[in-house]
Amino acid sequence: MTAAMNVQAVKSIYRFEMSRWFRTVGQSVLSPVISTSLYFIVFGAAIGSLMQDIGGVAYGSFLVPGLVMLMLLTQSVSNASFGIYFPKFTGTIYEILSAPVSFVEIVLGYVGAAATKSVLLGFIIMATATLFVPVEIQHPLWMLTFLVLTALTFSLLGFIIGIWADGFEKLSLVPTLIITPLTFLGGSFYSIEMLPEPWQTLTLFNPVVYLISGFRWSFYGISDVGVGVSLGMTLFFLGLCLAVVARIFATGYRLKS
Amino acid sequence: MPTILSVANLSKTYAPRPPRQAAFEALKNVNLDIQRGEIFALLGPNGAGKTTLISIVCGIVTASSGKVTVDGFDNVTQYREARSRIGLVPQELHTDAFESVWKTISFSRGLWGLPPNPAHIEKVMRDLSLWDKKDNRVMTLSGGMKRRLMIAKALAHEPNILFLDEPTAGVDVELRKDMWNLVRGLRASGVTIILTTHYIQEAEEMADRVGIITKGELILVEQKAALMEKLGSKQLALHLASKLDAIPASLSAYKLSLAAGGTDLVYEYDTKGERTGITALLQDVAAAGIRFKDVETKESSLEEIFVGLLREPRP
Ligand SMILES: Nc1ncnc2c1ncn2[C@@H]1O[C@H](COP(=O)(O)OP(=O)(O)OP(=O)(O)O)[C@@H](O)[C@H]1O
Ligand SMILES: [Mg+2]
């Protein structure tokens, strides 16, 4: 038990979290699939037919990466925040805290499981999208990279929210107050070039812009900002979230009295 | 016997949570050594600091100052080694309502980094009479079963030291006996056990040593037998042949009282004392013309010792 890494513990947490998800997989998958379908029907089919192509891509197809990102962000945050908040709420966190596990292992287990669920969900939504509009993926490897990095980053953010929250209201506060507006204003449904100044410049302070832009580029080769910038910013946010999580465990913030 | 757990100058002040909660000093410079293989009972009233002490040793609460060493490993800097030796059965029943009993117990083993071992899990479950519930969801268990589930979770990772924080709270008499047997069996297999309890009877029955904690201070640690001998007072009851209205003046030098409506004359004496004064008393009783049918002696229980100790004003 003096191994550098308690791999068994990571596996246990991961499996436990995944089995919690699979137990309710119907609900977990159904609601995002239904809401994306609604978006496609309303924005893709009904309104989209009135829209011009953007960068040579039909509006319905243009929507796909943005919608996948929208679901990816909200689901990552809600899955991960709930995953760690729940043991705090029921008190079963005592076992995690008294086990011979490091914070890295706890994060790997919980955030890894949350990110896995989001990535799976991302694929399901992309598959759903193909039922409504033509979808092309020019750079599948980059698509996967952005998908996984974003799922990880926002699962970490969710994890932080779950630790910070001391009530169920706070769990949904950050997603509705911050994540959803940033995603809607981050170019899920439009290219930021369509915005007038000063909004176009202001939008560049929205981190989600970079995620969506990079992700959309991997589909259609069109982007609002350079792909390198997108990747750099994504990695930067990942690092930021990691640093906050490390700080939480170093100080025991809200986990230990 | 070698020390397996050492607690040195441990203090804990819970941080204030303004505006409602002031800072609270829950442990005051506690020192305690636990011997390998013993059963140690921590006794104390509500809010004494028992759970706080256990939580610090197990890594759930951070100490304000002091040091905890588990089998030679510091529980902060070498927490992996320290924690891997410890099993904890907390006072509160925290469980995953929707998981199956089997999965919940197996999860604990994995968390401690041990490879799966279905045979061991099965044995633990059988020992705790949980086997027929293995596929049940935890929420379908009764309170006593949940308590046993918590014990099973702690035993799933084969600890050397087991903390039982009020293991028999809310457990019926039958089950309590089973649990005591289980604890004895664990000790026989080499596990060191530290339990807290409100039931003095439990400590008296189970423990090798007893520690008494009150208001965050460990005021006494003693072998149970020695404690009872050292602090115990005995009573000698004389069942009188005829009822007595008052204690005769000739016997006023003795610590006497009348009981059972005047048919019992009770003499309290200290077993610590060189002389108990029994011989002299009996002579003086006979001289006073009091006749008795029978005599009886009674030893004070740990409970009486305990209450006496807590009542005593501390410097
Ligand atoms: N998280 C906390 N924040 C502030 N105060 C706390 C906290 N946990 C415990 N306390 C206080 O510390 C004191 C000791 O509590 P503790 O739970 O250790 O007592 P105990 O001896 O286990 O009591 P019981 O027999 O009732 O279980 C109590 O006064 C309690 O209110
Ligand atoms: Mg307690």
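Refer to the structure above for everything that follows.
Residues numbered from 1 in each chain as written. Chains lettered and ligands numbered in written order. Predicted model: local features only at pLDDT ≥ 70, side-chain atom pairs only at ≥ 80, totals over all residues. Heavy atoms only, no water.

Novice: Any chance you could explain a nonpolar patch on the surface here in plain terms?
Specialist: A cluster of nonpolar side chains, namely L30, I34, L38, I41, V42, I47, M51, L131, F132 and M194 of chain A, defines an oily patch on the protein surface of about 920 Å² accessible area. With respect to the helices, strands and loops of the structure, F132 of chain A is situated in the loop between α5 (103–130) and α6 (140–164). (Patch = residues over 30% accessible without salt bridge, like charges linked within 9 Å, V, L, I, M, F, W, Y side chains within 5 Å. Areas by Shrake-Rupley, 256 points an atom, 1.4 Å probe, with all protein chains shown as cover. Salt bridge = Lys/Arg side-chain N within 4 Å of Asp/Glu carboxyl O. Helix = DSSP H or I, 4+ residues; strand = E, 2+ residues; numbered from the N terminus.)

Novice: Whenever I open this one, the pairing of strand β9 (residues 209–214) of chain B confuses me. Can you help?
Specialist: For a regular strand, side chains alternate in direction, first toward one face of the sheet and then toward the other. All names here are of chain B. Among the 6 residues in β9, 6 count as buried, and that is most of the element. Of the two faces of β9, the one carrying R209, G211 and I213 and the one carrying V210, I212 and T214 are both buried. When strand β3 (residues 39–43) meets β9, the two strands line up parallel, connected through 4 bridges. The residue of β9 that forms the bridge with F40 is R209. Here β9 pairs with strand β10 (residues 217–223) via 6 bridges, running antiparallel. Following the sheet pairing, G211 is matched in β10 by V221. Hairpin connection, β9 to β10: the antiparallel pair is bridged by 2 residues, and K215 has positive phi, about 50°. (Buried < 20%, exposed > 50% of the residue type's maximum accessible area, 1.4 Å probe, protein only. Pairing = 2+ DSSP bridges.)

Novice: How should the site of ligand 1 be read in this particular structure?
Specialist: Ligand 1 sits among 16 residues. The nearest are N46, G47, K50, T51 and T52 of chain B. Mapping the residues adjacent to ligand 1 onto the chains of the assembly identifies chains A and B. Contact distances for ligand 1 include 2.8 Å between an oxygen atom and a backbone N or O atom of G47 of chain B. A distance of 2.6 Å is found between an oxygen atom of ligand 1 and a side-chain nitrogen or oxygen belonging to T52 of chain B. For ligand 1, whose free accessible area comes to 630 Å², the fraction covered by protein is 72%. Top contributing element to the shell around ligand 1 by residue count: helix α1 (residues 50–58) of chain B, with 3 residues. Grouping the amino acids of the shell around ligand 1 by side-chain chemistry returns 5 nonpolar, 9 polar and 2 charged. (Near = heavy atom within 4 Å. Polar contact = N/O pair within 3.5 Å; in protein donor to acceptor, adjacent residues only side chain to side chain. Nonpolar A, V, L, I, M, F, W, Y, C, P; charged D, E, K, R; others polar.)

Novice: I keep staring at the sheet that holds strand β2 (residues 24–35) of chain B and nothing clicks. Help me out?
Specialist: Pairing between the strands of a sheet comes from backbone hydrogen bonds, and it takes one of two forms, parallel or antiparallel. Residue and element names in this part refer to chain B. If you trace the 4 strands from one edge of the open sheet to the other, you get β2-β1-β4-β5, paired in antiparallel fashion. At either margin of the open sheet sits one strand with a lone partner, and together these are β2 and β5 (73–74). The sheet contact formed by strand β4 (residues 65–70) and β5 spans 2 bridges and is antiparallel. Residue T69 lies in a different strand from β5, and its bridge partner there is D74. Together, β1 (3–14), β2 and β4 form the strand contacts of α1, whose direction differs from that of β1 by roughly 115°. (Contact = heavy atoms within 4.5 Å. Axes fitted to C-alpha atoms, helices over the stretch in contact; angles between N-to-C directions.)

Novice: I'm lost on the coordination of the magnesium ion (ligand 2) in this one. Help?
Specialist: Four donors placed tetrahedrally around a metal ideally meet at 109.5 degrees, and six donors placed octahedrally ideally meet at 90 or 180 degrees. Residues and elements named next belong to chain B. At 1.9 to 2.1 Å from the magnesium ion (ligand 2) lie its protein donor atoms, namely T51 (OG1) and Q91 (OE1). Taken as a pair, T51 in helix α1 and Q91 in the loop between β6 (86–89) and α3 (101–111) lie far apart in primary sequence, 40 residues in all. The class of T51 is partly exposed, set by a relative accessible area of 32%. Taking the relative accessible area as the measure of exposure, Q91 reaches 27% and is therefore partly exposed. (Donors = N, O, S within 2.8 Å, 3.2 Å for Na, K, Ca; no water.)

Shape descriptors only; they carry no functional weight alone.
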